[in-house]
Amino acid sequence: MSLLSRSHSRNLDLSQIMFPFLLGFLSISMQIFLLREFLVQFYGNEIIYGFVLGFWLLWGSLGSLLASKFSLQKKHLPLLFEIAIFSSLVVFSGLRFIRFLWGKPFGESLGISSSFFTALICCFLLSFPFGLLFFLNVAYLKGDLTKVYLLESLGACLAGLIVDLGLIPFFTCWQSIALLGIFSLLLLLLFSPNKINLVASALISIALFLFIIFDFQTQKIATKPLPLIKSHDSPFGRWQVVKIDEQITLYQDGLAAASIPDPAEAEEITHFALLQRPEAKKILLIGGGFSGAIEEILKYPQTSLDYVEIDPDIIPLLKSLLPSEKKSFFDSPRLTIHHLDGRAFLQKTKEIFDVVIVAIPEPATAQLNRFYTREFYSLIKDRLSNDGVVSIRVSSAENYQSLSLTLYLNNIYATLSSVFSNIEIIPGDTNIFLASDGQLSINPDFLVTNLKKYQIETRFIRAQTLAARLSPLRVERLKSKVSSLSSSINSDLQPKGFFYFLIHWASQFGLNEARILEFFAKIPQIFLIFLPLLLCLTIFFFLFIVRGKAALPGLPLIVLGFTSLMAEVLILLWFQIRFGYIYEKIALLIAFFMFGLFAGAFFSQKFTSPKGQSLLADQTLILVILIFLLILLPVKISSFIPYFFLFLLGVAGGHLFVVSNLPLIKGGQSYGLGYGLDLAGSFLGAILGSPLFFPILGLPKSILSLLILNLSCLFLLLFYRPGFNHK
Amino acid sequence: MKRRDFLKLSCGLCLSLRPGKLCSESLFPLNLKQPNLSKVEARYYEKLPDREIKCTLCPRYCHLGDKERGYCGVRENDGGIYYTLVYGKVCAVNVDPIEKKPFFHFLPGTLAFSLATAGCNVNCKFCQNWQISQVRPEQVEAFDLPPEAVALAAQRNNCLSVAYTYTEPVIFFEYMVDSSIASRKRGLKNVVVTGGHINPEPLEDLIKVVDAIKVDLKSFSEAFYKEYVRGELKPVLEAIKLIHQRKMWQEIVYLVIPTLNDQETMIRQMCRWLLKEVGPDVPLHFSRFHPMYLLKNLPPTPISTLEKLYSIAKQEGLRYVYIGNVPGHKAESTYCPFCGQLLIERVGYQIERIELRDGKCRYCHAPIPGIWT
């Protein structure tokens with residue numbers, strides 16, 4: 001039986017269900033759209049994700065912790081919801097014009113510090129009201145935190161599914177925000193027992209409608225002076241099209257993806273690899289087909305091309321923009337297009353290819369890093385003919401390779417070398433890595449002979465430019481520099497590659513930014529493994545100073561927040577490594593976790609031991625999950641397993657959240673304290689997890705770190721079961 | 001999975017963590033070696049009271065206290081004496097075709113021994129070499145290459161000239177001057193690839209020892225210089241004028257960045273200014289921009305934009321206008337401004353044919369300005 005009063009739950013009216021549900025629904029959907037919009041304005045890498053997610057959780061935590069300091073009353077609930085919806089308008093319009101606020105022209109990269117402060121402010125405006133709302137909801141339900149948490153989790157679970165499957169595929173970001181806002185206002189209007197400020201609601205509704213109407217116009221203003229002619233939000237990101245004279249440029253999530261025509265780019269991606277095997281029959285192109293690469297590959301008369309492109313929206317978009325002679329290539333009988341994740345395709349296909357060209361964006365995230373690992377290259381090798389060639393293209397520097405760039409390039413070289421016996425590197429502002437078990441040659445004479453022999457017409461890859469680019473001095477020096485370091489291999493479970501890329505990326509904004517990352521990379525791993533424990537104990541220590549022994553129930557909540565966030569990301573990554581990035585399935589995975597939280601909170605009403613054994617049981621369950629995760633990481637698994645793990649993790653988390661909160665609420669402490677501590681732990685998980693722990697420690701050691709943290713927490717609970725055995 | 005397999009796997013995983021290695025393992029195995037810095041007294045500065053100095057090399061006129069460094073990051077005041085820290089400390093060396101600099105009227109089809117040290121006196125947001133130009137000398141790997149060694153290395157690599165390039169060579173002025181003198185003694189020519197941020201007095205001295213200067217004119221607008229270069233246009237224009245007045249061979253490169261410096265009216269003004277101050281014979285190269293450094297998100301320059309600007313320059317009366325970074329474009333080649341015949345056919349960095357005889361058009365015998373032998 002629940003320790004909380006059941007009298008309130010029996011008298012639930014719709015508003016009591018609606019408020020917490022709406023809170024979970026709105027906060028998760030706003031978070032998803034904030035991340036997407038941030039991606040467009042800044043860079044889609046783990047550091048930026050860390051900032052947004054971290055500040056989101058931090059402000060939510062502070063909102064919940066500080067709520068009791070404000071003289072908030074239950075009647076303020078609808079007003080606070082209105083404020084949250086209004087804040088979303090401010091945040092999303094502000095983000096669209098953010099470059100003006102930072103005084104940067106379109107096309108100039110916004111630095112790390114500007115993304116840091118933007119994330120700080122945006123998350124404050126959005127997440128802080130949600131933190132306050134959690135507190136108010138618990139107060140509204142007279143302390144029935146279980147019910148609030150339960151309904152909030154359910155709202156979040158449904159939001160994940162609706163946003164990913166119902167909004168993103170059909171509406172733009174602004175349209176979705178507007179629809180969410182209007183839906184929320186309607187709910188408030190229909191079910192709120194307190195009076196709603198109708199004037200404010202009407203004004204917000206008008207602003208929301210303007211969001212729908214002026215979405216494209218505002219994008220046009222934001223991209224000025226570049227002339228934006230089209231914008232399309234697909235489930236995989238935002239495509240924007242800029243046209244100057246005859247040239248169109250495609251931007252994916254704010255980053256220039258390709259210009260058409262840009263023969264230099266298209267020729268570079270394809271010919272260095274194809275000239276190695278000009279008689280190749282089967283070619284595989286992973287990504288990058290919109291740059292003109294397809295046209296270049298089809299110049300080789302005997303080839304048939306399989307093009308793997310994850311986003312099904314891009315080809316119709318391109319066809320609507322290109323002149324007829326250019327778009328006819330997409331209808332070539334020699335071309336087969338597969339709308340699939342590159343890794344998923346390689347796992348599925350039984351075909352053998354002579355040349356594989358990987359034109360995937362650089363490893364800025366753990367997700368993209370999957371295309372730069374030993375396992376991925378092994379997968380390619382399995383689908384490659386005996387002397388087949390694989391080509392990878394990354395950014396570089398023509399005249400001098402800095403330390404961070406050398407490490408990044410070395411990582412790619414070493415990883416390729418661990419799978420293929422021959423590697424060649426084309427020097428330049430971009431480097432092309434060619435790898436094969438057969439012979440390779442980047443001698444300009446050899447390449448030019450093949451160009452002539454097979455009558456391949458090119459503009460940039462030709463005798464007159466190759467001699468300078470492939471001068472022996474440049475080729476040898478680059479190769480010796482890149483291969484001279486001790487091998488550092490990028491693997492699925494030890495995804496070092498994206499960390500090296502991040503250091504290199506950060507160095508363009510000033511070496512100090514890069515130095516912070518270098519610092520973490522240099523410290524001994526043993527320290528990092530114990531860092532979560534140290535940090536959680538530090539937070540707990542400060543709490544202990546303020547609240548004394550009453551703070552003890554807070555520790556499992558901090559640990560839970562940290563563990564669940566890290567483990568959730570880890571399992572998602574694990575799923576993607578094993579089965580490829582499959583959009584709908586990722587949404588479903590998150591929904592399973594959220595549903596687990598809901599189920600855990602729901603069960604807590606029925607199965608909660610008054611002696612505190614449930615707390616021990618939850619903590620043990622989390623440990624068991626982590627141990628099994630550690631064991632199963634390198635093993636081939638059924639696709640059902642990650643769902644099951646996420647669900648179980650959710651159940652343990654949801655149950656533990658309620659159980660740990662009971663003593664806090666019983667002790668007459670703030671309703672928001674437990675929620676705040678949980679989010680504070682999650683904040684640490686967000687900023688440390690994927691940007692630092694996964695690349696530096698790798699997945700197994702990250703789990704080990706979580707095991708140490710949770711084991712320590714379990715020992716503490718064994719000695720002292722907070723709030724239960726000391727009455 | 002059987003129980004035995006499960007146990008094996010568990011033990012294997014624990015051992016794979018290699019606890020002993022954890023204490024020492026690090027993801028960043030590299031450290032820069034000890035900084036390789038020179039301590040050679042600078043040639044352009046004024047001593048001030050209290051061990052302060054004023055650098056007079058470039059228009060920034062850095063006023064520095066003891067132990068302070070100039071804006072370029074490669075010159076330091078130590079006890080009232082101003083030192084260059086990059087004398088003979090080279091971080092990038094290559095053998096490039098002279099067309100890559102680009103010089104189109106200077107020993108076509110030859111190789112240039114190209115070198116640079118760290119540092120720069122401006123901060124272009126589109127810098128191709130930001131990894132060496134936007135850092136301090138301690139932050140790059142440099143090696144020793146004294147002036148005499150520069151000349152020897154150039155000869156060994158069959159280069160007819162030494163090019164001071166990649167970063168802003170003005171910041172390694174002393175090294176550039178001494179290397180030029182050493183190279184000249186061995187019969188080599190010297191070319192400078194500069195942004196033109198240099199004061200008249202050092203420029204006069206430089207002109208005495210080098211054979212050609214290419215100036216990167218980045219825009220014809222002060223606002224652009226302020227925003228994207230962190231420099232000034234006026235001193236660059238003064239430098240261009242002075243180079244011309246001293247009859248030094250000069251070529252101008254204009255990197256066309258879409259929407260930022262491609263306005264037709266501005267280009268027309270610039271061409272008129274060049275015509276008036278430098279004359280119609282100065283080669284003007286409109287180069288295609290490729291997204292770089294902090295401007296990675298701009299599109300590359302459409303070829304039609306370059307062609308429009310090319311036409312404007314021709315209309316305004318400039319005789320030798322080129323389009324760069326578009327291999328195979330007909331505007332890469334040199335045509336006789338009098339009879340219109342193709343004189344030097346270029347594709348990329350390669351010369352396909354030369355129809356000049358003793359610096360004159362083979363067809364109409366009109367002299368073509370430049371350094372041809």
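(A) Inspection of the overall build of chain B at higher detail. Regarding its fold elements, chain B presents 10 helices and 21 strands. Dimensions of chain B, computed from C-alpha atoms along their principal axes, come out at roughly 90 × 65 × 45 Å. Intrachain contacts of chain B at a sequence separation of at least 6 include 66% that bridge at least 24 residues. A total accessible area of about 15100 Å² is found for chain B, and carbon and sulfur atoms account for 51% of it. The averaged location of the 40 negative side-chain charges in chain B is 5 Å from the averaged location of its 49 positive side-chain charges.

(B) Structural detail: a nonpolar patch on the surface. All names here are of chain A. Among the surface-exposed residues, Leu14, Ile17, Leu186, Leu189, Leu190, Phe191 and Leu198 lie close enough to one another that they form a single nonpolar patch of about 670 Å² accessible area. Of all the secondary-structure elements, those providing two or more residues to the nonpolar patch are helix H2 (14-41) and helix H8 (173-191). Ranked by the residues each element gives to the nonpolar patch, the list is headed by H8, at 4 residues. Topologically, Leu189 is positioned in helix H8. Here Leu189 falls in the partly exposed class, since its relative accessible area comes to 46%.

(C) Region of the structure containing the domain arrangement of chain B. All names here are of chain B. You can read the domains of chain B as domain 1 (40-84) and domain 2 (89-361). Distance from the C-alpha centre of domain 1 to the C-alpha centre of domain 2: 28 Å. Of the roughly 1700 Å² buried where domain 1 meets domain 2, counting both sides, 48% is carbon and sulfur surface. Contact with domain 2 buries surface across domain 1, with Arg43, Tyr44 and Pro59 losing the most and accounting together for 33% of the total.

(D) Layout of the nonpolar core. Among the nonpolar cores identified, the biggest contains 305 residues, and A:Leu34, A:Phe92, B:Leu115 and B:Phe286 are the most heavily contacted of them. The element that contributes the greatest number of residues to this core is helix H29 (residues 673-719) of chain A, accounting for 22 residues. With near-sequence residues (within four places) excluded, B:Leu115 lies in contact with B:Val90, B:Ala92, B:Val93, B:Leu145, B:Val150, B:Val162, B:Ala163, B:Tyr164, B:Thr165, B:Tyr166, B:Phe172 and B:Tyr175.

(E) Summary view of the sheet that holds strand E5 (residues 282-286) of chain A. All names here are of chain A. Reading across the sheet, the 7 strands line up as E7-E6-E5-E8-E9-E11-E10 and stay open at both edges, with mixed pairing between neighbours. With one partner strand each, in any of the chains shown, strand E7 (335-338) and strand E10 (422-426) form the two edges of the open sheet. Here the strands of the sheet are splayed against their neighbours by 15 degrees on average, with no regard to which way each runs. As judged from the 4 bridges shared by strand E6 (residues 304-308) and E7, these two strands associate in the parallel manner. For Tyr307, the partnering residue across the bridge sits in E7 and is Ile337. Helix H11 (residues 263-274) contacts E5, strand E8 (353-358), strand E9 (384-395), E10 and strand E11 (430-436) of the sheet and is inclined by roughly 150 degrees relative to E8.

(F) Representation of the pattern of salt bridges in the model. Residue and element names in this part refer to chain A. Enumeration according to the criterion identifies 47 salt bridges over all chains in this entry. Close ionic contact of Glu295 with Lys326 constitutes a salt bridge, the shortest N to O distance being 3.3 Å. Taken together, the residues span a long stretch of sequence, with Glu295 in helix H12 (residues 293-297) and Lys326 in helix H14 (residues 324-327) at a distance of 31 residues. Exposure remark for Lys326: the relative accessible area of 26% places this residue in the partly exposed category.

(G) A look at the packing of H2(A) against helix H3 (residues 46-66) of chain A. Residues and elements named next belong to chain A. Orientation of H2 relative to H3, taken along the N-to-C sense of each, is 150 degrees, at an axis distance of 10 Å. Here H3 runs roughly antiparallel to H2, going by the angle between their axes. With respect to the hand of their crossing, H2 and H3 are arranged in right-handed fashion. For the pair H2 and H3, contact is made by Ser27, Met30, Gln31, Leu34, Leu35, Phe38 and Leu39 and by Ile48, Tyr49, Val52, Leu53 and Trp56, respectively. Taken together, the residues of the contact of H2 with H3 sort by class into 10 nonpolar, 2 polar and no charged.

(H) Structural detail: the pairing of E10(A). Residues and elements named next belong to chain A. Extensive coverage of E10 is indicated by the burial of 4 of its 5 residues. Two elements, E10 and E11, share 5 bridges in a ladder whose sense is antiparallel. By the bridge assignment for E11, Asn422 is matched with Ser436. Hairpin connection of E10 to E11: 3 residues between the antiparallel strands, including Gly428 at a positive phi of 145 degrees.

The rules behind these values
Residues numbered from 1 in each chain as written. Chains lettered and ligands numbered in written order. Predicted model: local features only at pLDDT ≥ 70, side-chain atom pairs only at ≥ 80, totals over all residues. Heavy atoms only, no water. Helix = DSSP H or I, 4+ residues; strand = E, 2+ residues; numbered from the N terminus. Contact = heavy atoms within 4.5 Å. Areas by Shrake-Rupley, 256 points an atom, 1.4 Å probe, with all protein chains shown as cover. Lys, Arg positive; Asp, Glu negative; His and termini not counted. Charge placed at Lys NZ, Arg CZ, Asp CG, Glu CD. Patch = residues over 30% accessible without salt bridge, like charges linked within 9 Å, V, L, I, M, F, W, Y side chains within 5 Å. Salt bridge = Lys/Arg side-chain N within 4 Å of Asp/Glu carboxyl O. Buried < 20%, exposed > 50% of the residue type's maximum accessible area, 1.4 Å probe, protein only. Domains from an automatic or database assignment. Buried area = accessible area lost by both parts, 1.4 Å probe. Core = buried A, V, L, I, M, F, W, Y, C linked by side-chain atoms within 4.5 Å. Pairing = 2+ DSSP bridges. Axes fitted to C-alpha atoms, helices over the stretch in contact; angles between N-to-C directions. Parallel < 35°, antiparallel > 145°, perpendicular 65-115°, else oblique. Left-handed = near helix turned anticlockwise from the far one by under 90°. Nonpolar A, V, L, I, M, F, W, Y, C, P; charged D, E, K, R; others polar.

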